[in-house]
Amino acid sequence: MWFDTHAHLYLLLDLAESALPDRVTIERELSPILQKAKEEGVRGIICPGIDRSTSELAITIADLFPSFVWAAVGIHPNSASQGTEEDWDVITQLATHPKVVAIGETGLDWFRNYTPRDQQVTWFRRHIELSRHVNKPLIVHCRDAEDDMTAILHEVAVSGKCIGVMHACAARWETVEQWLDFGMFVSFAGSVTFSNKKHLFVRETACRVPLERLLIETDCPFLVPEPLRGRTSVCLPSNIALTGTFLAKLRNVPVPDLAQVTSANAATLFQLG
Ligand SMILES: [Zn+2]
């Protein structure tokens, strides 16, 4: 059984309307997608918010699909410039909600410049503090910001415990080795299956992460894994088996073993009991 540790399920809904979709619409639109995921062997999904309204949606989805979807609340670095103090108050309150098992998505994105870097750092630090305060792990996005990420995590690790997952890992082993030392888990998405040269080092990293810290995810609706890449533009939680099977072959372990261990790791990190 697979566990998808990162799926933006609300992005599969029609969010073009200014009003947020109601529970009936959400249930109607997501039921077939989640049913298909179950049929493909998915036993659980973490749905992280990227701002206040999607954090609220993530909780609604978790509520509608109990014991299958869990929520994370946070403000993504690329949404952070839009974040207000009121939004943060709401996120802080939502953080203690029983369906919320993690804080995020947060982190640093030096690839996009939607939010000035100093603001991204400030918001990331707030999420770290909140994670410690409510004792729930962080879900961390890091794009082209490895050195600054390592510096912040190092500083945090010195002052106390910091747990979480580096999601859709695209970093070199020398960097990831340090993140593991700080206590982080590492999750791989469909990008590990990409065969173009600029992605190949991700495979080396994926081979070396110790099994007991390894997680997998779809990053739905992004990062469609091979061989679906190019044939569809939307990645679904049911596609997790493609990434999981690829990773198992890469690491030379039986597919059911990789599925079992990564699912157990997810249950441990997110305290799913
Ligand atoms: Zn994400």
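Refer to the structure presented above.
1. Quick word on the pairing of strand β3 (residues 69-73)
Among the five residues in β3, five count as buried, and that is most of the element. Side chains of β3 alternate between two faces, with Val69, Ala71 and Val73 and Trp70 and Ala72 buried alike. Pairing of strand β2 (residues 42-48) with β3, which is carried by four bridges, proceeds in the parallel orientation. Paired with Ile46 across the strands is Trp70, a residue of β3. Looking at chain direction, β3 and strand β4 (residues 100-109) are connected through three bridges and run parallel. Bridge pairing links Ala72 to Ala102 in β4.

2. Details of the packing of helix α8 (residues 240-251) against helix α9 (residues 255-269)
Packing of α8 against α9 leaves a shortest axis separation of 9 Å and a crossing angle of 110°. It follows from the interaxial angle that α8 and α9 lie roughly perpendicular. In this structure, the crossing between α8 and α9 has a hand that is right-handed. Between α8 and α9, the residues in contact are Gly244, Thr245, Leu247, Ala248 and Arg251 and Val255, Leu258 and Ala259, respectively. Of the residues belonging to the contact of α8 with α9, the class tally is five nonpolar, two polar and one charged.

3. A closer look at the pairing of β4
Within β4, nine of the 10 residues are buried, leaving the element largely enclosed by the surrounding structure. Where β4 lies against strand β5 (residues 138-143), five bridges are found, and the strand directions are parallel. Across the sheet, Asp109 pairs through a bridge with Arg143, a residue of β5. Traced from β4 through helix α4 (residues 117-134) to β5, the parallel crossover comes out right-handed.

4. Structural notes on unusual backbone geometry
The linkage connecting Gly104 with the following residue, Glu105, adopts the cis geometry, with an omega of 25°. Backbone geometry places Asn135, a non-glycine residue, at a positive phi of 55°. Topologically, Asn135 is positioned in the loop between α4 and β5. Phi angles above zero are rare outside glycine, and Asp144 is one such case at about 55°. Mapped onto the fold, Asp144 is located in the loop between β5 and α5 (146-159). Residue Asp144 is classed as partly exposed on the basis of its 14 C-beta neighbours within 10 Å.

5. Things to note about the sheet that holds β4
The parallel open sheet is built from eight strands, whose spatial order is β1-β2-β3-β4-β5-β6-β7-β8. Each having just a single partner strand, β1 (2-4) and β8 (214-216) make up the two edges of the open sheet. Direction aside, the axes of adjacent strands within the sheet are offset by 30° on average. Bridge analysis of strand β6 (residues 164-166) against strand β7 (residues 185-188) gives two bridges, and the strand direction is parallel. Bridging from a neighbouring strand, Val165 pairs with Phe185 of β7.

6. Things to note about the packing of helix α2 (residues 52-64) against helix α3 (residues 85-94)
Their axes nearest at 9 Å, the elements α2 and α3 cross at an angle of 20°. The pairing of α2 with α3 is recorded here as roughly parallel in orientation. Along this stretch, α2 crosses α3, giving a crossing that reads as left-handed. Of α3, the residues touching α2 (which contributes Arg52, Ser55 and Ile59) are Asp87, Val90, Ile91 and Leu94. A per-class count over the contact of α2 with α3 returns four nonpolar, one polar and two charged.

Each value, and the rule that gives it
Residues numbered from 1 in each chain as written. Predicted model: local features only at pLDDT ≥ 70, side-chain atom pairs only at ≥ 80, totals over all residues. Buried ≥ 20, exposed ≤ 12 C-beta atoms within 10 Å, placed from the backbone. Helix = DSSP H or I, 4+ residues; strand = E, 2+ residues; numbered from the N terminus. Pairing = 2+ DSSP bridges. Axes fitted to C-alpha atoms, helices over the stretch in contact; angles between N-to-C directions. Parallel < 35°, antiparallel > 145°, perpendicular 65-115°, else oblique. Left-handed = near helix turned anticlockwise from the far one by under 90°. Contact = placed C-beta atoms within 7 Å. Nonpolar A, V, L, I, M, F, W, Y, C, P; charged D, E, K, R; others polar. Right-handed = clockwise from strand over helix to strand, strands pointing away.

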